[in-house]
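Inside the fold
Listed below, chain by chain, are the residues.
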Amino acid sequence: MKAIRKVAPRPGALEWADIDVPACGAAEVLLRVRAASLCGTDAHIYNWDGSVREMILSTTDHFRRPRVIGHEFCGEVVEVGRDVRGVGDGASEPIRAGDLVSAESHIVCGTCYQCRRGQYHVCTRERIIGVHRDGGFAEYIAIPASCAWLNDPAAVPVEVACVEEPFGNAVHAATEYDPRGQCVVLFGAGPIGLFSIIVAGAFGAERIIAVDTIAFRLGLASRVGAHSTLLSIPVLAGDPGARDRERERIVGLIRDAAAPYEPDLVFEMSGHPDAIDAALRAVRRGGKVILFGLPKQQAITLERYAEDVIFGGVTLKGIIGRKIYGTWARTRELVSRPDVRSKICAVITHTFPFVRYEEAFAKMIGRDSGKVVLRISED
Ligand SMILES: [Zn+2]
Ligand SMILES: [Zn+2]
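Bear in mind the structure is a predicted one, so any value in this text is a computation, not a measurement. (Residues numbered from 1 in each chain as written. Chains lettered and ligands numbered in written order. Predicted model: local features only at pLDDT ≥ 70, side-chain atom pairs only at ≥ 80, totals over all residues. Heavy atoms only, no water.)

**Here's the deal with the coordination of the zinc ion (ligand 2)**
Applied cut-off: Coordination shells were defined by N, O and S atoms within 2.8 Å of each metal, extended to 3.2 Å for Na, K and Ca; water is absent from the atom set, which can make sites look incomplete. Every geometry call rests on angle ranges, with four donors termed tetrahedral when all angles are between 85 and 135 degrees, four termed square planar and six termed octahedral when opposite donors are over 155 degrees apart and all others are between 65 and 115, and everything else termed irregular. Throughout, exposure labels follow a simple rule: accessible area from a 1.4 Å probe, protein chains only, divided by the maximum for the residue type, with under 20% read as buried, over 50% as exposed, and the rest as partly exposed.
Summarising the metal site, the zinc ion (ligand 2) is bound by the protein donors C109 (SG), C112 (SG), C115 (SG) and C123 (SG), whose distances to it range over 2.3 to 2.4 Å. Taken together, the 4 donor atoms surrounding the zinc ion (ligand 2) define angles of 104 to 119° at the centre, an arrangement classified as tetrahedral. In primary sequence terms, the donor set of the zinc ion (ligand 2) follows C-x2-C-x2-C-x7-C. Note on C115: relative accessible area 3%, which makes it buried.

**Concerning the pairing of strand β17 (residues 348-353)**
The criterion, for reference: Two strands qualify as a pair provided that DSSP identifies no fewer than 2 bridges between them. Only DSSP runs of H or I with at least four residues qualify as helices, and only runs of E with at least two residues qualify as strands; both kinds are numbered from the N terminus onward. With its strands directed away from the observer, a crossover is right-handed exactly when the path from the first strand over the helix to the second travels clockwise.
Where β17 lies against strand β18 (residues 371-375), 5 bridges are found, and the strand directions are parallel. Note that in β18 the partner of F352 across the bridge is L374. Regarding topology, helix α13 (residues 357-365) serves as the crossover connection from β17 to the parallel β18, and that connection is right-handed.

**Topic: the coordination of the zinc ion (ligand 1)**
A four-donor tetrahedral metal ideally has 109.5 degree angles, and a six-donor octahedral metal ideally has angles of 90 or 180 degrees. At the metal site, the zinc ion (ligand 1) is ligated by C39 (SG), H71 (NE2) and E72 (OE), and these contacts range over 2.1 to 2.3 Å. Using a relative accessible area of 4% as the deciding quantity, one classes H71 as buried. Classification of E72 as buried rests on a relative accessible area of 1%.

**Description of a nonpolar patch on the surface**
Note the cut-off: Patch members must show over 30% relative accessible area and no salt bridge, and they are joined within 9 Å when carrying like charges or within 5 Å when they are nonpolar side chains of Val, Leu, Ile, Met, Phe, Trp or Tyr. Reported accessibility uses the Shrake-Rupley method at a 1.4 Å probe radius. Residues are deemed covered only where the shown protein chains occlude them. A carboxyl oxygen of Asp or Glu within 4 Å of a side-chain nitrogen of Lys or Arg is what we treat as a salt bridge.
On the surface, Y305, I310 and F311 cluster together to form a nonpolar patch covering roughly 350 Å² of accessible area. With respect to the element layout, F311 can be found in helix α10 (residues 305-311).

**Here we look at helix α6 (residues 191-202)**
Inclusion rule: Working rule for helices: expected span equals 1.5 Å times residues minus one.
With 12 residues, α6 should reach 16 Å at 1.5 Å per residue; the first-to-last C-alpha distance of 17 Å fits that figure. Where burial is concerned, most of α6 is hidden: 11 out of the 12 residues are buried. Among all positions of α6, only P191, I192, G193, L194, F195, S196, I197, I198, V199, A200 and A202 are buried. A positive phi of about 90° marks G204, the residue just after α6.

**Things to note about the packing of aromatic side chains**
To keep it simple, the criterion reads: Each pair of aromatic rings taken from Phe, Tyr and Trp, with Trp reduced to its six-membered ring, is defined by centres within 6.5 Å and is described as stacked if the planes are under 30 degrees apart, edge-to-face if over 60, and tilted in the remaining cases. The rule for a charge over a ring is simple: NZ of Lys or CZ of Arg within 6 Å of the ring centre, and within 35 degrees of the ring normal.
If you walk through the whole model with that rule in mind, you get 7 aromatic pairs. Aromatic side chains W149 and Y325 sit 6.0 Å apart centroid to centroid with 20° between the ring planes, which places their arrangement in the stacked category. Placement of W149 in strand β10 (residues 148-151) and of Y325 in the loop between β16 (315-318) and α11 (326-335) is noted, with a sequence separation of 176 residues between them. In this structure an aromatic cluster arises from ring pairing among W16, F354 and Y357. The ring of Y113 has R117 sitting right over it, with the charged end atom 3.7 Å from the ring centre. Positioned above the aromatic ring of Y177, the side-chain terminus of K288 is 5.3 Å from the ring centre.

**Considerations on the packing of α6 against helix α12 (residues 338-347)**
Formally: All axes are obtained by fitting lines to C-alpha atoms, using only the stretch in contact for helices, and the reported angles, taken between N-to-C directions, cover 0 to 180 degrees. Orientation categories follow fixed angle ranges, with anything under 35 degrees roughly parallel, anything over 145 roughly antiparallel, 65 to 115 roughly perpendicular, and all other angles oblique. Handedness of a crossing is defined here by the sense of rotation of the near helix relative to the far one, left-handed for an anticlockwise turn of less than a right angle and right-handed for a clockwise turn. Two residues qualify as a contact provided that any one of their heavy atoms is within 4.5 Å of a heavy atom in the partner residue.
Interhelical geometry of α6 versus α12 gives an angle of 165° and a closest axis separation of 10 Å. By the angle class used here, α6 and α12 are roughly antiparallel. Crossing of α6 against α12: the hand is right-handed. Contact residues: α6 offers P191, L194, F195, I198 and A202, while α12 offers V340, K343, I344 and V347.

**Quick word on the pattern of salt bridges**
For the structure shown, the criterion picks out 27 salt bridges. Salt-bridge contacts for R304 lead to D308; the nearest nitrogen and oxygen are separated by 3.6 Å.

**Quick look at the nonpolar core**
Formally: Residue types Ala, Val, Leu, Ile, Met, Phe, Trp, Tyr and Cys, when buried and joined through side-chain atoms within 4.5 Å, form a set referred to as a nonpolar core.
Ranked by internal contacts, the top residues of the largest apolar core, which has 48 residues, are F167, I197, F267 and I344. Of all the elements, α6 adds the most residues to this core, at 8 residues. Apart from residues no more than four positions distant in its own chain, F167 is found in contact with F195, I198, V199, T331, L334, V335, V340 and I344. L38, I129, I141 and Y357 belong to the second-largest nonpolar core, a separate cluster that totals 43 residues.

**A word on the sheet that holds strand β1 (residues 2-6)**
Within a beta sheet, neighbouring strands are joined by backbone hydrogen bonds and run either parallel or antiparallel to one another. The strand order across the open sheet built from 3 strands is β2-β1-β4, with neighbouring strands paired in antiparallel fashion. A strand with exactly one partner marks an edge of an open sheet, and here the two such strands are β2 (14-18) and β4 (67-68). Judged from the 2 bridges that link them, β1 and β4 form a sheet pairing that is antiparallel. Its bridge partner lying in β4, K6 is registered against R67. Sheet strands touched by α13: β1 and β2. Its angle to β2, the strand with the most contacts, is close to 150°.

**Digging into the environment of L265**
Mapping L265 onto the fold places it in strand β14 (residues 265-268). C-alpha of L265 to C-alpha of L186: the two residues are 79 residues apart in sequence and 8.6 Å apart in space. Here L265 is in contact with Y177, D178, P179, Q182, C183, V184, V185 and K288, once residues within four sequence places are set aside.

**Quick notes on unusual backbone geometry**
Here A259 and P260 are connected by a cis peptide whose omega angle stands at 10°. With respect to the secondary-structure elements, P260 resides in the loop between α8 (240-258) and β14. For the bond from I324 to Y325, the omega torsion is 5°, close enough to zero to count as cis. Its identity is not glycine, yet F63 carries a phi of approximately 70°, on the positive side. When you line up the elements, F63 lands in the loop between α2 (50-59) and β4.

See below:
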């Protein structure tokens, strides 16, 4: 079968390889992959950024076994392992050849302290498909049955099914606090930010204001339900005066756009230190901030921590992954709605055949894109 493998510890170094179809383990399902999408993590692997190096080096024996990448995908079941009784919560849903499944990319241990308390999404021994083991940019993949989530193939097209994993991040982030009737402000209109707008709107947010530095993404934000969009101007590092002025300008524009409401719920999905600071400044007293964006550096400076967080009585909540399987059940409910599906498709701005993966990476890294999808196999 064809697969895309990372073969060396340097930028690029992807190989269009011909390798064996994996065997289906007793507790696994073998999928014929239909479509996959590119994620920021794939770009980090492509660029060989520091955040992913150790995870890949340690699990490939320093590339003695190259790593098939890709963790956002869907596929058709072609084989079910002999010990598999079912999938989903309590393995209660029967699974058969021909079913269309989306993959949960995090393989959890089930026995650590967090798992025993039902917090599988923060398992301390998790393994990520396409990072710690071979992934879905391949014609076939075997995954644990516990990572297979069933779709209704009559309702859910493959391009929607293949983005349910990142869409699930947005479902987790945007439903952690009920968005109904709330004034929502979003920093960072990348794919997961855009998906969060869809989810907040679907669950009845009163007003949605999106902030980004890229006009193309704000155009998409409007298409999927943002009521106001604000273009922030990137400030050069080393000019703290300009940084403060731009933050105050954006926070002022957010307050104007929110009136007569105030920002109840702020989603920080850019990971930019200035946006994190602006998010804390923008949220109303007593409001909530969802933190999802990953900063490039470790340290973040909060200019007015005491005023913005403590005196403001603000709730901060970090979000990672998807709740297993609560988020997936909500995702199923959302993708059953035609209005939600059509908005998800609007976020998918580019689709490439599998073999043109280099173009797909260039498009995604260029940032004038929403979600970029690879069609792995046609009908
Ligand atoms: Zn991802
Ligand atoms: Zn665990």
